[in-house]
Structures are given as C-alpha cells and as structure tokens.
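Close look at the chain arrangement
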Amino acid sequence: MIKKRVVLTFPHEIVSQPVVYHLVKDYNLMINILRARVTPQEQGRLVVEISGRKKELETGMNYLAELNIDIQPLAQDIKWHESKCVHCTACIPHCPTNAIFLNRDTMKVSFDKQKCIACELCIPACPYQAIEIVI
Amino acid sequence: MKVKTYEEINERIRKGEAVVVTAEEIIDIVEEKGIKKAAKEVDVVTTGTFAPMCSSGAFINFKNSKPKIKAQKVWLNGINTYAGLAAADIYLGVTELPDEDLLNKVFPGNFKYGGGHVIEDLVAGKHIKLKAISYGTDCYPKKEIETVIDIKSVNQAILTNPRNAYQNYNVAINKYSDRNIYTYMGILKPNIGNANYCSAGQLSPLLNDPFYKTIGIGTRIFLGGGEGYVYWEGTQHNPYVKRGPNGVVRAPAGTIAVVGDLKGMSPEWLKGTSITGYGVTLTIGIGIPIPILSEDIVKYTAVKDEDIYTQIVDYSKDYPNGVNKSYGEVNYKQLRDGYIEIEGKQVPTGALSSYKKAREIAEILKRRIKKGRFELTKPVKSLSSGE
Ligand code: SF4
Ligand code: SF4
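Residues numbered from 1 in each chain as written. Chains lettered and ligands numbered in written order. Predicted model: local features only at pLDDT ≥ 70, side-chain atom pairs only at ≥ 80, totals over all residues. Heavy atoms only, no water.

1. As for the site of ligand 2
The immediate surroundings of ligand 2 are formed by 13 residues, with A:C85, A:C88, A:T89, A:C91 and A:C126 found nearest. Of the residues that constitute the shell around ligand 2, the class distribution is 11 nonpolar, two polar and no charged. (Near = heavy atom within 4 Å. Nonpolar A, V, L, I, M, F, W, Y, C, P; charged D, E, K, R; others polar.)

As structure tokens, then:
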C-alpha cells in the first residue's frame, strides 16, 4: 500500500469525464480529494491523495497520463514559523483539517504537517505572517 | 472592608515578602479560602493582555542634522509620521502605511509593513531609514536629510497610546454578506461561519477592576516588556455600559491611555501586525498589578471567564453602518472552548488576543513584584467610573 499526493490538471475537454470514478473502480485506488477547482470552459485542478497497491497506482497514473492529464507531485508546502506565532488563534476557525490546532489547556497553537492539505486558508488569517507557503 | 494600604503592600514588596498571584490563580484561592481570608493573605493580583491596539504610537526626538532642519515631513522606513511639532519631534502612529502601498486596490490588501512594524523594528535595535524635508528658515536652513537612526541614537522614543486595554470587546460575525469580509476583527466567513473575539477575559486588566478602584492616572504597569504608566483615561472610555450583577461590563467600556519609554521595551511584546484587507497595527503586551486593598477588590479579581459576558455584533452590515444591535450574549468560557451557539448554529471561534501571552505577562509581572523590582503606585486621580 503506498500513498501519493498529487496535483492533477485537466484539459477542459476532460473535465466532464468521471475520471475519479474510473480510478476507484478500475484501478482499485482510494482517492481523497484535498482540493478541487473545476470550472466549465476552463481547465480543472484537483489536489488528491491517492493510495493503493504499487502496481495499480502505476497503471492508474498511466491511465491519467493517456487522457492528457498533467500530474505533478504536491510540492507546495505550508510552513508554520513557531517563533513568529503569538498563539492568538485567529487562524483556527479557518483550517478545515485541524492541521493548525489549539491545546485549550495551555492555549498554545501547534501545527501538524501530516494533516495539512495546503489549502492556504490560514495564510491571510494570520496577522503576524507566521504561516508561509513554500513553493 | 479595607484590609491594607499601598504603603503596607510596597513595604512587603521591598522585603521580598509580598504574596503575589495571577488573575487566574486568585480564582481558586478565593474559592478555597473565601473572600475574607484571600483578602488578608494576598497582596497583589497580576493581570495581562496581548492584543492589537490600534490607538498607539510613539513620540520620537531624533538628533538634528548639521546644519539643522525644521523637519516638516518625516518618513521612517517609508512610513509617514506626524511632524507638526518642534523641529526634531515626530509622532509615529501604528496604523500608518507607506505612501506607495497598494492598500485595498488588489482586494484584500495584505498590508505587510507599516507604523506598528517600524516600532517593532526600532525596539529590536534595527536601523531605521529616516527621511525629512522642509522649506528652510534662518535658524533651520537644511531642506532635506536622509539618514539612519536606531533606538540608541534617538534622544527620546516614548510609546504614547491614547487608547489601550479595552475593558471587554465585541464578538464579531458576518451575518449578511455572502463572501468573506475582512475586518479589524479578522476574516469573517459568510453565514456566520466563524466568530472572532478579542479579550483576555478573566486575565484582562480592566475586567479585574470593573469600577477602576485601583487602576487610575499614575498606575505603574508592564508595557511592551518594560515599564509604563497610565496617563489618562483612554479615548472612548465609557463606564456607562450595562453591567452584570458582579459589576462586570457586558460590552466594550473602559479604556486607558498609557505611556512608557520605548528604550526599555522588547520586540517580544510589541509586534507589528498585518490584518488582511484592513491595515496594519501594533500588538501590545500590557500587564497591570491590582493591590488587594479591600475585600471588594479581591472579589472583583476572582472573576471567572464564565461570568464575563459580551455581545455578538454583525460586522457585515450593522457595525459599518453604526447600527447598535446584539445577536446574543456569550461568555468567555464558551468563547475559549472553541464554539458558541448563534441562532441555533454551532459557530467556531477564533481570537485576536492571545490568552497564552496574556498568561505569560501576568506571570512575568508577578515575578518582578515578588523580586522587589516592581513597586505599586497609588493613582493620583481615578478614571471616571460612572458610579
Ligand atoms: S494550509 Fe489549510 S490545511 Fe494547512 S494549516 Fe493552513 S488552513 Fe490548515
Ligand atoms: S493566526 Fe498566526 S499568530 Fe495567530 S495562532 Fe495562527 S499562526 Fe499563530
């Protein structure tokens, strides 16, 4: 079982096809959609975590490549600068995954990178520029 | 009932015998021992708050050039200051922005640097670019200077804040707009997607002294890591808002004006702040000691988050239009627990005020007093209490 986080960019003629359905059904892959932005007339972007057996993951990726879907590893990385954080909690209600979270006894904010889906919602919410996107 | 005087408390501080506890610790002490005993045993309760405080700034007197200039317009790191004072005096306001800032032209603006950041940099000992222009006079012939200053080279740098440490504040929501709104209370999501608050609640200075019985003009305080004083009641000070049975205000009420020497302060407690879509400001650490002069006072300091209420205010339509309307009352225990109920919906909360830092300030002040390094002052005049 392996896991991969990738950014898929769809040409707009593919946008209407049930690509994720085929990945699940034909290749036995587990798909966790982290972010999706598919607008008609435009291209679509999907940030997904794909997990499955190595062989099936490879053939699944080939299927995507044949459809002209661009596959990039999720390179964006969110950095939380602990020294800049004042633990105000302004970012807390904006984080959809609890990657940035508060211990309510100590009132200390921490960051769990494993849970972060790089949605960037916390970045404008932080008044101290303590969260940064590294590309 | 009176239990002790300022003089007695200071005598004990000097001897290193003073019993000092924080505004959190006093809660349990009063619960365990009762008001009478607590008032006898405890000398001082320390409070703290750490939050953006927009009505702040610094008077700076820089060493004049040779030949001299009667500075008419002055910029520090590109930030405009107020120079309509004597030749080398300026006032740097924390919400001031660079002239070329894009502001909200690309909405929401990110306001990366401004007056508050200059103060943080100055206190951190960094070099600051100073540019001044003038028209030239017989006594001040120079018309333009560009130089570098730092905290050591200026004659004076005096943090002078007309309004700080609000006694209670609104909880902000976005009820009517269908997009994120960008306010000084942070980003508010549509459909009451979140609720933001800004007070240290049970640790906050003026919430522990609801009728300003000890905090007044001349009170010595922890300010920005150094020492400062209350010099007046703050602008918008309003003691007449509704109060609970414990005397605690249920809406924004009292404020204080504070002053202190920037040269003794630290960038850890003065932080330049960038509020997306709104602007810049300065986040300030303030701690105020409360002398336990009477049983009433100890009772006030034992106030708990669950007994401090505030109002939920809409910032999408009501606040901008000056409509005074509340969408319910909540207390600081609910706010700090992470969710409050508004119109039957569970709404996640976030704060602009750091409770963790407020707690640290109360601890630092406690240590300073215990070590005899910080004595208490008796106010020379009280703030108006509306009583
Ligand atoms: S980028 Fe998104 S998921 Fe990651 S910490 Fe920020 S809000 Fe949470
Ligand atoms: S908003 Fe910024 S400073 Fe405040 S808790 Fe989050 S990361 Fe820390």
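2. A few points about the site of ligand 1
Around ligand 1 lies a shell formed by A:I78, A:C95, A:P96, A:T97, A:A99, A:F111, A:C116, A:I117, A:A118, A:C119, A:E120 and A:C122. Of the residues in the shell around ligand 1, the class split is 10 nonpolar, one polar and one charged.

3. Considerations on the sheet that holds strand β2 (residues 44-46) of chain B
Sheets are built from strands that pair by backbone hydrogen bonding, the pairs being arranged parallel or antiparallel. All names here are of chain B. The three strands are arranged β1-β2-β21 in an open sheet whose pairing can be described as mixed. The strands lining the two open edges of the sheet, one partner per strand, are β1 (20-22) and β21 (289-291). When strand polarity is set aside, the average angle formed by the axes of neighbouring strands in this sheet is 25°. Relative to β2, β1 runs parallel, the two being bridged by three bridges. Note that in β2 the partner of V21 across the bridge is V45. The sheet contacts of helix α6 (residues 355-370) involve β1, β2 and β21, and relative to β1 the element is tilted by about 180°. (Pairing = 2+ DSSP bridges. Helix = DSSP H or I, 4+ residues; strand = E, 2+ residues; numbered from the N terminus. Axes fitted to C-alpha atoms, helices over the stretch in contact; angles between N-to-C directions. Contact = heavy atoms within 4.5 Å.)

4. Things to note about the confidence of the model for chain A
A low pLDDT score tells you not to read the predicted coordinates there in detail. Of the residues in chain A, 94% have a pLDDT of 70 or more, and the chain-wide mean is 88. Confidence, expressed as mean pLDDT per element, reaches its minimum in chain A at strand β4 (residues 70-73) of chain A with 82 and its maximum at strand β7 (residues 108-111) of chain A with 98. (pLDDT = per-residue confidence, 0-100.)

5. A look at helix α1 (residues 19-27) of chain A
Residues and elements named next belong to chain A. Burial in α1 covers these residues: V19, L23 and Y27. One side of α1 holds all its buried residues, which, seen down the axis, span an arc of 50°. Taken from the residues just after α1, N28 is the one with a positive phi, measuring 60°. (Buried < 20%, exposed > 50% of the residue type's maximum accessible area, 1.4 Å probe, protein only. Arc of directions from axis to C-beta.)

6. Here's the deal with the packing of aromatic side chains
Residues and elements named next belong to chain B. Across all of its chains, the model carries 13 aromatic pairs over all chains by this definition. Aromatic side chains F50 and W269 sit 5.7 Å apart centroid to centroid with 90° between the ring planes, which places their arrangement in the edge-to-face category. Here F50, found in strand β3 (residues 49-52), pairs with W269, found in the loop between β18 (256-261) and β19 (270-275); they are 219 residues apart in sequence, far enough to count as distant. Measuring from centroid to centroid gives 6.4 Å for Y169 and Y184, while their planes differ by 75°, and the two rings are edge-to-face. Highlighted residues: Y169 in the loop between β10 (156-164) and β11 (171-173) and Y184 in the loop between β12 (181-183) and β13 (186-188), separated in sequence by 15 residues. An aromatic cluster is built from Y166, Y169, Y184, Y278, Y315 and Y319, whose rings are joined through pairwise contacts. When the ring centre of W75 is taken as reference, the NZ or CZ atom of K131 above it lies at 5.5 Å. Sitting above the plane of the Y355 ring, R336 keeps its charged end 3.7 Å from the centroid. (Phe/Tyr/Trp six-rings, centres within 6.5 Å; stacked < 30°, edge-to-face > 60°. Lys NZ or Arg CZ within 6 Å of the ring centre and 35° of its normal.)

7. Describing the interface of chain A and chain B
Taken together, the 18 residues of chain A in the interface contact 29 residues of chain B. Around 1900 Å² of area is buried between chain A and chain B when both sides are counted, 55% of it from carbon and sulfur atoms. In terms of surface lost to chain B, no three residues of chain A exceed A:P93, A:M107 and A:Y128, which account for 28% of the buried area on that side. Inspection of the chain A/chain B interface yields zero salt bridges. Seen at the junction of chain A and chain B, the total is 15 residue pairs in polar contact (both at pLDDT 80 or more). Of the residues in the side of chain A that touches chain B, the class split is 10 nonpolar, five polar and three charged. (Buried area = accessible area lost by both parts, 1.4 Å probe. Salt bridge = Lys/Arg side-chain N within 4 Å of Asp/Glu carboxyl O. Polar contact = N/O pair within 3.5 Å; in protein donor to acceptor, adjacent residues only side chain to side chain.)

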